[in-house]
Amino acid sequence: TGYDIITHSLLKYIVDKVKPEDKKENFVNLISFSENPYDIEAVTSVLDELTINYNLLPQYADLDNIKKASKAKASIVLNPDEGGYLAEELDGVKYIKTGAPIGIHNTNKFFRRLAREFQKEDQALEYIEKRTEIAQEIFSDDSIRGKHLFISGTPSQVQGLNGLVEKLGGVI
């Protein structure tokens, strides 16, 4: 795919090469290829709240951000269908595999796994509890119950949205 071609070029020509003995820095690569700015802001605001440093790439990244990707403690992907290859191929950087953060369950899972890697589990659980209560109130609205919907997106986006729509009573 085009994402794979871009990723291969970034890894081969731009990302710094590191040795196994090089110490990792305390940040996560937040990999995003096509998410809109509002979705990225939703995720980065939680990372800021949890005081987890991040390096957003390749979307909106400058050359320095891309170069330092190999120095990250870990990588996590907003859409595994687009960014999984980059996360897998960053030598020596742990790939935190999880689905797209869509819906209450998948979003909570996304942040719990990430927080565990950065020893922020207690903080994350407290944050998730508060936000889950708010989300459940919002999702108690019956505005799509019984309505037939069509979902278009990558497989991981569709999977996440499918679960959310069904939880809200919509029909796919």
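Parameters and conventions
- Residues numbered from 1 in each chain as written.
- Predicted model: local features only at pLDDT ≥ 70, side-chain atom pairs only at ≥ 80, totals over all residues.
- Heavy atoms only, no water.
- Buried < 20%, exposed > 50% of the residue type's maximum accessible area, 1.4 Å probe, protein only.
- Helix = DSSP H or I, 4+ residues; strand = E, 2+ residues; numbered from the N terminus.
- Pairing = 2+ DSSP bridges.
- Right-handed = clockwise from strand over helix to strand, strands pointing away.
- Phe/Tyr/Trp six-rings, centres within 6.5 Å; stacked < 30°, edge-to-face > 60°.
- Lys NZ or Arg CZ within 6 Å of the ring centre and 35° of its normal.
- Expected span 1.5 Å × (residues − 1).
- Arc of directions from axis to C-beta.
- Contact = heavy atoms within 4.5 Å.
- 1 Å grid on protein atoms, 1.4 Å probe; cavity = no way out; pocket = protein on both sides within 12 Å on 5 of 7 lines; lining within 4 Å.
- Points joined across faces, edges and corners; volume = space filled by probe spheres on them.
- Nonpolar A, V, L, I, M, F, W, Y, C, P; charged D, E, K, R; others polar.

Time to look at the pairing of strand β1 (residues 25-32). Remark: a regular strand shows side chains that alternate across the two faces of the sheet. Extensive coverage of β1 is indicated by the burial of six of its eight residues. Pairing of β1 with strand β3 (residues 72-77) involves five bridges; the strand directions are parallel. Looking at β3, one finds that Ile 31 is bridged to Val 77. Remark: the β1/helix α2 (residues 37-49)/strand β2 (residues 54-58) crossover connection has right-handed handedness.

What follows concerns the packing of aromatic side chains. Considering all chains together, one arrives at one aromatic pair under this definition. When the centroid spacing of 5.1 Å and the interplanar angle of 80° are considered together, the rings of Phe 110 and Phe 111 count as edge-to-face. When the ring centre of Phe 27 is taken as origin, the NZ or CZ atom of Lys 68, which lies over that ring, is 5.0 Å away. The side chain of Lys 73 reaches across the aromatic face of Phe 118, ending 5.1 Å from its centre.

This brings us to the sheet that holds strand β4 (residues 94-95). Pairing in this open sheet of four strands is parallel, and the strands run β2-β1-β3-β4 from one edge to the other. A single partner strand is all that each edge strand has here, and the edge strands are β2 and β4. In terms of strand pairing, β3 meets β4 through two bridges, oriented parallel. Paired with Ser 75 across the two strands is Tyr 95, which belongs to β4.

Turning our attention to helix α1 (residues 2-13). Spanning 12 residues, α1 covers 17 Å between terminal C-alpha atoms, matching the ideal 16 Å at 1.5 Å per step. Among all positions in α1, only Thr 7, Leu 10 and Leu 11 are buried. Seen along its axis, α1 keeps its buried residues to an arc of 95°; they face one direction. In α1, those exposed residues whose orientation departs by more than 90 degrees from the buried face are Ile 5 and Tyr 13. At its buried positions, α1 is contacted by β2, α3 (63-67) and α4 (80-89).

This paragraph deals with the layout of surface pockets. If you add up the space inside the largest pocket, you get close to 740 Å³. What lines the largest pocket is a set of 29 residues, among which Ala 42, Pro 101, Gly 103, Thr 107 and Phe 111 lie closest to the centre. Every element with two or more residues in the lining of the largest pocket is listed here: α2, α5 (103-117), α6 (121-139) and α7 (155-167). The element that contributes the greatest number of residues to the lining of the largest pocket is α6, accounting for eight residues. Considering only residue class, the lining of the largest pocket consists of 18 nonpolar, eight polar and three charged. In terms of lining, the second largest pocket is formed by 14 residues, of which the most central are Asp 16, Lys 17, Glu 89, Leu 90 and Asp 91. Residue classes in the lining of the second largest pocket are distributed as six nonpolar, two polar and six charged.

Coordinates in, geometry out; function isn't part of it.
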